[in-house]
Every structure is written in C-alpha cells, then in structure tokens.
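Each chain is listed here by its residues.
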Amino acid sequence: MREFSRRGICGLGIGAAAALSVAGCSLPGSSDSGKVGTEPGKTAKGKPIGDGSTAYTGKQPNQPPAPEKLKPGQKPPQFVVFSWDGAAEVGNGLFPRFRKLARDHNASMTFFLSGLYLLPESKKRLYRPPNNPVGAADIDYLTDDHIKETLKNLRAAWLEGHEIGTHFNGHFCGGTGSVANWAPAQWDSEIEQAMDFVTKWRTNTGFTDLEPLPFDYSKELVGARTPCLLGQENLLPTARKRGWRYDASSPGGLQVWPTKKQGIWDFPLQSIPFGNLPSGVLSMDYNMLYNQSRNSTKGPPANYPRWRKQAADAYIAGFQRAYETNRAPLFVGNHFEQWNGGIYMDAVEEAIKHIADEKHKDVRMVSFRQLCDWLDAQDPQVLASLRGLGVGQQFTGRG
C-alpha cells in the first residue's frame, strides 16, 4: 500500500497559505483506568452477530470510572486525545507499537478505521461510492495478510479500551467526486457501506482462522473524521440522525473548550505552536510534513533530526500551553505512516512520554468517546465558563 492517496499526499494539492486549515488523509485514558495488555486474537467470548464477523462480548473493558462532575471554580483535568486516521496495519508494526505505548502510559486512543481496509480488492465492486465509479478509491485496498493483521489489532485495541470510529471508505478529496460535495443522503450511504465492510468481513474475505471483532459496531460507532477534513456540514445531519455523539472533522480549530454543532460535539484539529509560523500548524502529522517537505514524503535525510525535534516540540508546546492556562482538551490526529524516515511517529511517541510523566498527574489521555462521556456529565454553566477562556488564557476558577 502506498503512503499517499492516488491524487497526491492526502489527495490535495494545497498552497502554503492553506497548510494550516486543511489536513487529513487515510494511511496506512484516565490515570486510574486499570488498563491491561491484550495480545491480538486473545479470546473474548461473546454472542455472534450476523455472519460472525463481530460479536457482542459485553461492556467494553478497561474504561475509566464514571465521570465526576466539576464544581463551579474547580480546575478541570487536562484531557488529551490521540487519534489515528485509517488505522491499518500493513506490516510496519505501527499499530502494535502505539497500542503498547498506550498500555505503558495508561492511555486510551481513537482509531478511525477506513472500512475499505477490511474489504479484499477482489470484492471491490461491492463498494458503490457516491459520485464515483463502482469500486473506485483514492486509497489502496489491502492485501489479505494486511487485512488479517488489521483485524487482529482492531480486536486487541478494543479489548484494551480504545475506541473504533470511522474514516469512511474511499477517501475522495479532489474533483467532482470529492466528499466535500456529498449530500447528507450520500454520507448516509457511505456510512452504511463502511459498517457493512466491518460487520461482514468474514463473508467478504472467506477468512475462517480469525476471531470476531468483539463489539456491536452499530452501537460502538459514535463518531468520525472525514477525509481531508472536508464535508462536515452535510455529514452532521446524518450523524445526528444516527445518534452519533461527535465529529472530529473541523479544520483550523483553536485550543479552546469544545462546543456542539447541530447537536454533535465538535472536536477540531487545533492550531499549535510550530517553529516561527505566526499562526502555528494544525495538530496532525500531515500538516507538519507539508510545512517541512511540502508534497514529498521523502525529504532530504539530513533534515530529519531537525524536523523530528520541531514536530515533537510542537506537540509538547501545544500540550503545555493548554495545561498551564485554559486546560482546553488537546486533539492530535495522525496516521500510521513512515514519512520522512518515520520522524513523525517518533515525535508522537516523545510527546506521549512527556505528557505521561510524573509532573502531569492530572492528565487524562482518553478517546473521543470517553471525552464525550465526561463533557456530557458536566453542568452546562460550568462548561460555558470554561468556553469563555481564550487560547492561552489562564484558568482562575472565577466565572
């Protein structure tokens, strides 16, 4: 599988001025959440659903305690959400690498699965993308071996307490078929197909040597990130109709407390400090890459050490700014990629270790779904007071 979409990195050809506000391409918890390791394929008995691709195994394990309600003036925890677009394991070991890192540091994450990653290319005509030819996609279908590894890691991730969201299917970012042009009914079709590919992988692949995904996806799926952060306006009516709780597709967000759009929590990628850029950069590996090596995933290796430090420093600076001031949740989006020698993966790892150190005992690395649980448990007036704090504005406990 290539490390970029068929229309270029992230399917976009964008200018430097747009580098802050456009991102997203599909490539392959609480401090007392009590996480334990789960190896891929570890048994979790349950009631099969449909063709046995999924199974109901009960309440998801390794979740934080019930959310506490803040008192007026009480300092909130510092929430950090690491999320991954595409969520495929293609033999580079990145999915298990970050699952282990999460276990080591009591973190939950959100994995936005591209439904096509569970559909063999031989069955691609089952996919009918809106405004595009049957079977078309701007990302590559996976090999059988990579589908199997992806399934094993998805299963293990859920058992470890992570969230499985969706990154939809074909990842269309450009031209008339772009997701930017899809109507609400077309988004509904795309979602239904993504769910079908997840819940019918056994029929579509013919695999008999793998255990089912241990969840009911019709209940598990409560949020998404759109390809290239496009099309949110028309997605939201469909998301609300389906009972989704959040969307993480907004471009160009700031480090402030989130609000709702059309009744759905809006969790945007955020502008964080980055080198000498006055407006910063969106909190995603692709945007950092674009500002360092433009449309190349293989820039000059001599630059890798400096670029890696710049990326790690950006994540850490974004975290520290929120942690020391308004305590707004930090949202980080990434891909399992090896761009520029894997420096962005190393930068994320360094950031996670910094965030999880002993100096930050009131930090909670959670999934988007877990953040929704906490937000929904709060007094609306307390949240409104937090939303009144601007970027870098100090929390004082006064309304």
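Cut-off values and rules
Residues numbered from 1 in each chain as written. Predicted model: local features only at pLDDT ≥ 70, side-chain atom pairs only at ≥ 80, totals over all residues. Heavy atoms only, no water. Helix = DSSP H or I, 4+ residues; strand = E, 2+ residues; numbered from the N terminus. Buried < 20%, exposed > 50% of the residue type's maximum accessible area, 1.4 Å probe, protein only. Areas by Shrake-Rupley, 256 points an atom, 1.4 Å probe, with all protein chains shown as cover. Expected span 1.5 Å × (residues − 1). Contact = heavy atoms within 4.5 Å. Axes fitted to C-alpha atoms, helices over the stretch in contact; angles between N-to-C directions. Left-handed = near helix turned anticlockwise from the far one by under 90°. Nonpolar A, V, L, I, M, F, W, Y, C, P; charged D, E, K, R; others polar. Pairing = 2+ DSSP bridges. Right-handed = clockwise from strand over helix to strand, strands pointing away. Polar contact = N/O pair within 3.5 Å; in protein donor to acceptor, adjacent residues only side chain to side chain.

(A) Quick peek at the overall build of the protein chain. On a plain count of helices and strands, the protein chain comes out with 11 helices and 12 strands. Residue burial in the protein chain is summarised as follows: out of 399 residues, 57% are buried. Just so you have it, the protein chain exposes about 15100 Å², and 51% of that area is on carbon and sulfur atoms.

(B) Layout of helix α9 (residues 343-355). Relative to the 18 Å expected for 13 residues at 1.5 Å per residue, α9 spans 18 Å between its end C-alpha atoms, a close match to the ideal helical length. Three or more residues of α9 are buried, namely Ile343, Tyr344, Met345, Ala347, Val348, Glu349, Ala351, Ile352 and Ile355. Where α9 is buried, its residues touch β3 (78-86), α1 (94-104), α7 (285-293), α8 (304-324), β11 (330-335) and β12 (363-365).

(C) Looking closely at the packing of α8 against α9. Relative to each other, α8 and α9 sit at 35°, their axes nearing to 8 Å. Note that α8 runs across α9; the crossing there is right-handed. Facing α8, whose interface residues are Tyr304, Trp307, Arg308, Ala311, Ala312, Tyr315, Ile316, Phe319 and Gln320, α9 presents Ile343, Tyr344, Asp346, Ala347, Val348, Glu350, Ala351, His354 and Ile355. The residue inventory of the contact of α8 with α9, partitioned by class, reads 13 nonpolar, two polar and three charged.

(D) How the structure looks around the pairing of strand β5 (residues 163-166). Alternating positions in β5 separate into two faces, Glu163 and Gly165 on one and Ile164 and Thr166 on the other, with burial throughout. Of the pairings in the sheet, the one linking strand β4 (residues 110-113) to β5 comprises four bridges and is parallel in character. Residue Phe111 lies in a different strand from β5, and its bridge partner there is Ile164. Regarding the hand of the β-α-β motif, the stretch spanning β4, helix α2 (residues 144-159) and β5 is right-handed.

(E) Representation of the sheet that holds strand β8 (residues 264-266) in the model. Strand order in the open sheet formed by three strands is β6-β8-β7, and the pairing between neighbours is mixed. Unpaired on one side and paired on the other, β6 (246-247) and β7 (260-261) mark the two borders of the sheet. Two elements, β7 and β8, share two bridges in a ladder whose sense is antiparallel. Bridge pairing in β8 places Lys261 opposite Ile264. Helix α6 (residues 232-241) rests against β6, β7 and β8 of the sheet, and its axis sits at about 145° to β8.

(F) Structural view of the side chain of Gln270. Considering the arrangement of structural elements, one finds Gln270 in the loop between β8 and β9 (271-272). A distance of 2.9 Å separates the side chain of Gln270 from the backbone nitrogen of Phe331, its partner in a polar contact. In this structure Gln270 touches Gly253, Leu254, Gln255, Val256, Val281, Leu282, Ser283, Pro329, Leu330 and Phe331, once residues within four positions along its chain are discounted.

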